[in-house]
Amino acid sequence: MQLLSQSRKKNNKTYTYYSLARSYREGNKSKKEIICYLSSLTPQQAQQIRNTLKITQTSDTFVATFDDLLVIDHWHYLNVAFLNHLWEEWGLSKPFPSPKDSSETREKEISTGDVAKVLTFCRCLDPGSYLSAAGWFHTTACDYILGIDGTHFNESRIYRELTVIEQQKEKIEQYLYETLKRSDEEGMRIIFYDLSDLYFEGSSCQLASPGRTKSHGFKKKRIILSLLVNRNGYPFSWDILKYYTADVKTLTGNADRWKQKFNLAEAILVFDRGMVSDDNLLYLENNKTYLYITAMDRDQLSGIVGFRPERFKDFTEETTESEILSKGLTKYDDSTYYEDLGVDDSDRRHILVFNPGLLKDPRKARKKFLRMAEDALAEERRSLMAAKKSRNEKPTEKRIDETLKRFNVSGYMDYSLESMDITTTEGSLVHTFNLKYSRKKEAIKKAMMTDGMWMLVTNITGTTEPGEFGLSPEKLIRAYRDRNRVEDCFREVKSFLKFQPTYVYTDCHVRAHYTICILAYLLDVTVTNKLRESPVKDVGSVGNVYSTLARCEIAKLSVRRTECVGKKLMPPTGVQKSIMQLFDCKYLTGGRYLKSIGIK
């Protein structure tokens, strides 16, 4: 049966009348028979009758009050489903063995690829220990989305699979390289290499060794990470360097491995000035695989042909654009100027880059450290003049040199020790020194000439072939500036992805952990690049995307005093729909897909 409505106008007013009717067929025609007339009803009364009629027609419909509805459980859905969509778009399960191939005796309940997938999602959404990853898994709809039995996902399985994940690292790297090369060949012409360090927080680690970190000083358990990304920031090669000595000594060995591993024909390698040495540059120049772009330290500038710093001795923060251009520099953008110094006898091209905004900080720092060094030397002088015991010249000089080095002013200060004998208050004769010191004014003036300046060095010249590798000065500067993509990746690995603390200790587990972090970053940078191309209102970062999608959950519902139990998805908001539309995954909240994974 069904409730019918009919409207009539009387005295310029509209009246709605209702009736109950049943449907029947007469031959091939469908007809309705009025059973009774109900006259007028309020909208609420009409809906109550419809609900009552619906109960008689379907088995899963019943009468209940709002208080009868119970939420028994809930799981994060849309953020995990979204990451699964990205994972599948990259095809990241392909490098991992199938459940059948990865076991000699029987098929695994959960494949290595699915374990890697879940751990990667956890790194993105809720980084922590692998013990917490097992607990996190059960707060999500991962088992429905991946079609796996969640009872088999536990801490012991995670640690077993970490070993297998590490064994697949070479395949993962090869797969990512080939995928990126195929989808974005131009983006693979320039690759960025960098190193970073971390200190290990566990009780033991086979890969860790004592050493000085860049941000936290000396640590007993230091780990060195290496990373290679393409121009768009997508990673495709990474490693933990077990026998690390210095940045400059890692480049040549890794360059050989990359050439062999990826069958590189030719690429432009961009790396930081910390890896610049004559041996490294010569090696890359003699190796026909790599062109390179890097920068030089300030103390290396004086030997460059064509570099005449005396032109810039009067530069200040207030120097006008016309004054800068009059010194032979060319404008790159509103904050940067450059001069192409050409190619020297060794076929290296140098480009001088000047940023007026970088004048202030080094000059301010130099003044501060000179003042602090002078205060320290004044204290040293007072200590010498009040010595109770005789002083030796060599230890005194060493102490003073260390003071100057600590404040990074060794090249800007002169000192001398004048031997003298003094008598203490107790009447003892003590041999000591009168410390005299002064600033090297000419050295300071010379240093000020290069404030705000840096130098690019490359083996890319005007005759470099093929033509697409022959970059202009502007493109060379842009390429070197783009190296911050790999620095951004390290920041993600060390902060948002929380490489520290690793909570794992064995060689293969620590390496597998780094691989998981890199895969998580790959998904992160995929989201970031898409947002740069097409921003979504009120969503400014990858973290905002995840937190916005996290609010769309699956709830398990029941009705009091019935056996009815089911799962329902929260309706997506406008912002969530905009994100899904941007990433072409609106199907994730569609009825057909939800039904396929067991959600109504």
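Quantities reported herein were computed from a predicted structural model and do not represent experimental measurements.

Caption draft 1: How the structure looks around the sheet that holds strand S17 (residues 553–559). Pairing is antiparallel across the open sheet formed by three strands, whose spatial order is S4-S17-S18. Only two strands of the sheet have a single neighbouring strand rather than two, namely strand S4 (69–76) and strand S18 (565–569). If you compare each strand with its neighbour and ignore which way they point, the axes differ by 25° on average. In this sheet, S18 lies alongside S17 in antiparallel orientation, the contact comprising five bridges. Paired with leucine 557 across the strands is glycine 566, a residue of S18.

Caption draft 2: Structural context of the nonpolar core. Among the nonpolar cores identified, the biggest contains 136 residues, and Tyr77, Phe82, Leu119, Leu269 and Ile293 are the most heavily contacted of them. The dominant element in this core, judged by the number of residues it contributes, is helix H16 (residues 507–533), at 13 residues. Formed jointly, this core draws a minimum of three residues from each of two domains, domain 2 (66–169 + 506–599) and domain 3 (184–355 + 452–505). What leucine 119 contacts, discounting residues up to four positions off in sequence, is Tyr130, Ala133, Phe153, Ile158, Leu162, Ile165 and Ile516. Counting 15 residues, the second-largest nonpolar core is a separate cluster that includes Ala373, Leu377, Tyr412 and Phe433.

Caption draft 3: Summary view of the environment of aspartate 73. Along the polypeptide, aspartate 73 turns up in strand S4. Overall, aspartate 73 belongs to the partly exposed group, its relative accessible area being 34%. Between the C-alpha atoms of aspartate 73 and alanine 555, which are 482 residues apart in sequence, the distance is 5.9 Å. The contacts of aspartate 73, once residues within four sequence positions are left out, are Ile554, Ala555 and Lys556.

Caption draft 4: Structural context of the sheet that holds strand S2 (residues 13–26). Spatially, the three strands line up as an open sheet ordered S1-S2-S3, and their pairing is antiparallel. Bordering the open sheet on either side are strand S1 (2–10) and strand S3 (29–39), each of which pairs with just one other strand. Each neighbouring strand pair of the sheet contributes to a mean axis angle of 40°, computed without reference to strand direction. Where S1 and S2 come together, nine bridges link them in antiparallel fashion. Counted as the bridge partner of serine 7 is threonine 16 from S2.

Caption draft 5: Representation of the environment of cysteine 552. Mapping cysteine 552 onto the fold places it in the loop between helix H17 (542–550) and S17. Look at cysteine 552 and you get buried, because its relative accessible area is 0%. Through-space distance from the C-alpha of cysteine 552 to that of threonine 589 is 9.6 Å; in sequence the pair is 37 residues apart. With sequence-adjacent residues up to four places away left out, cysteine 552 is seen in contact with Tyr77, Leu78, Leu569, Met570, Pro572 and Gln576.

Caption draft 6: Structural detail: the packing of aromatic side chains. The tally for this structure, following the rule as stated, stands at 14 aromatic pairs. Each ring, one from tryptophan 90 and one from tyrosine 234, has its centre 5.3 Å from the other, and the planes form 65°; the classification is edge-to-face. Note that tryptophan 90 is positioned in helix H2 (residues 78–90) and tyrosine 234 in the loop between strand S7 (217–230) and strand S8 (235–241), a separation of 144 residues in sequence. Overall, tryptophan 90 belongs to the buried group, its relative accessible area being 12%. With a centroid separation of 5.3 Å and an interplanar angle of 85°, the aromatic rings of tyrosine 587 and tyrosine 593 are classed as edge-to-face.

Caption draft 7: Geometry of helix H9 (residues 278–286). Looking at H9, one finds that the buried residues are Asn280, Leu281, Leu284 and Glu285. Buried residues in H9, looked at end-on, bunch into an arc of 130°, giving them a common side. Of the exposed residues in H9, those oriented more than 90 degrees away from the buried face are Asp279 and Asn286. Residues of H9 that are buried sit in contact with helix H8 (251–262), strand S9 (267–271) and strand S10 (290–296).

Caption draft 8: Examining the layout of surface pockets more closely. The calculated volume of the second largest pocket comes to roughly 360 Å³. Glu89, Trp90, Tyr234, Thr526 and Lys530 are the residues nearest the centre of the second largest pocket, which is lined by 15 residues in total. Breaking the lining of the second largest pocket down by element, the ones donating at least two residues are H2, helix H7 (169–183) and H16. Here the lining of the second largest pocket gets four residues from one element, more than from any other, and that element is H16. Broken down by class, the residue content of the lining of the second largest pocket amounts to six nonpolar, four polar and five charged.

Cut-offs applied
- Residue indices begin from 1 for each chain and proceed along its sequence in written order.
- Two thresholds apply to this predicted model, a pLDDT of at least 70 for residue-level local features and 80 or more for giving and counting side-chain atom pairs, whereas whole-chain, interface and lining totals are computed over all residues.
- Side-chain calculation: all heavy atoms of the structure are included, whereas hydrogens and water are not.
- Two strands are counted as paired when DSSP detects at least two bridges linking them.
- Helix and strand assignments come from DSSP, with helices taken as H or I runs of at least 4 residues and strands as E runs of at least 2, each series counted from the N terminus.
- Only the stretch in contact is used when a helix axis is fitted, and all axes are lines through C-alpha atoms; the angle between N-to-C directions ranges over 0 to 180 degrees.
- Buried residues of nine kinds, namely Ala, Val, Leu, Ile, Met, Phe, Trp, Tyr and Cys, make up a nonpolar core once their side-chain atoms join them within 4.5 Å.
- A simple rule labels every residue: compare its accessible area, found with a 1.4 Å probe on the protein chains alone, to the largest value its type can have, and call it buried under 20%, exposed over 50%, or partly exposed in between.
- Throughout the structure description, domain borders are defined by an automatic or database domain assignment.
- Whether two residues are in contact is decided by their heavy atoms: any pair within 4.5 Å suffices.
- Note on ring pairs: Phe, Tyr and Trp rings are taken, using the six-membered ring of Trp, and paired if centres are within 6.5 Å. Classes follow the plane angle, with under 30 degrees stacked, over 60 edge-to-face and the rest tilted.
- Here, the arc refers to the directions that run from the helix axis to the C-beta atoms.
- Cavities and pockets are defined on a 1 Å grid built over the protein atoms alone: a cavity is a set of grid points where a 1.4 Å probe fits but cannot escape, while a pocket is an open set with protein on both sides within 12 Å along at least five of seven lines, and lining residues are those with an atom within 4 Å of any such point.
- Grid points are joined across faces, edges and corners, and a volume is the space filled by probe spheres set on the points.
- Basically, the charged four are Asp, Glu, Lys and Arg, the nonpolar ten are Ala, Val, Leu, Ile, Met, Phe, Trp, Tyr, Cys and Pro, and anything else, Gly included, counts as polar.

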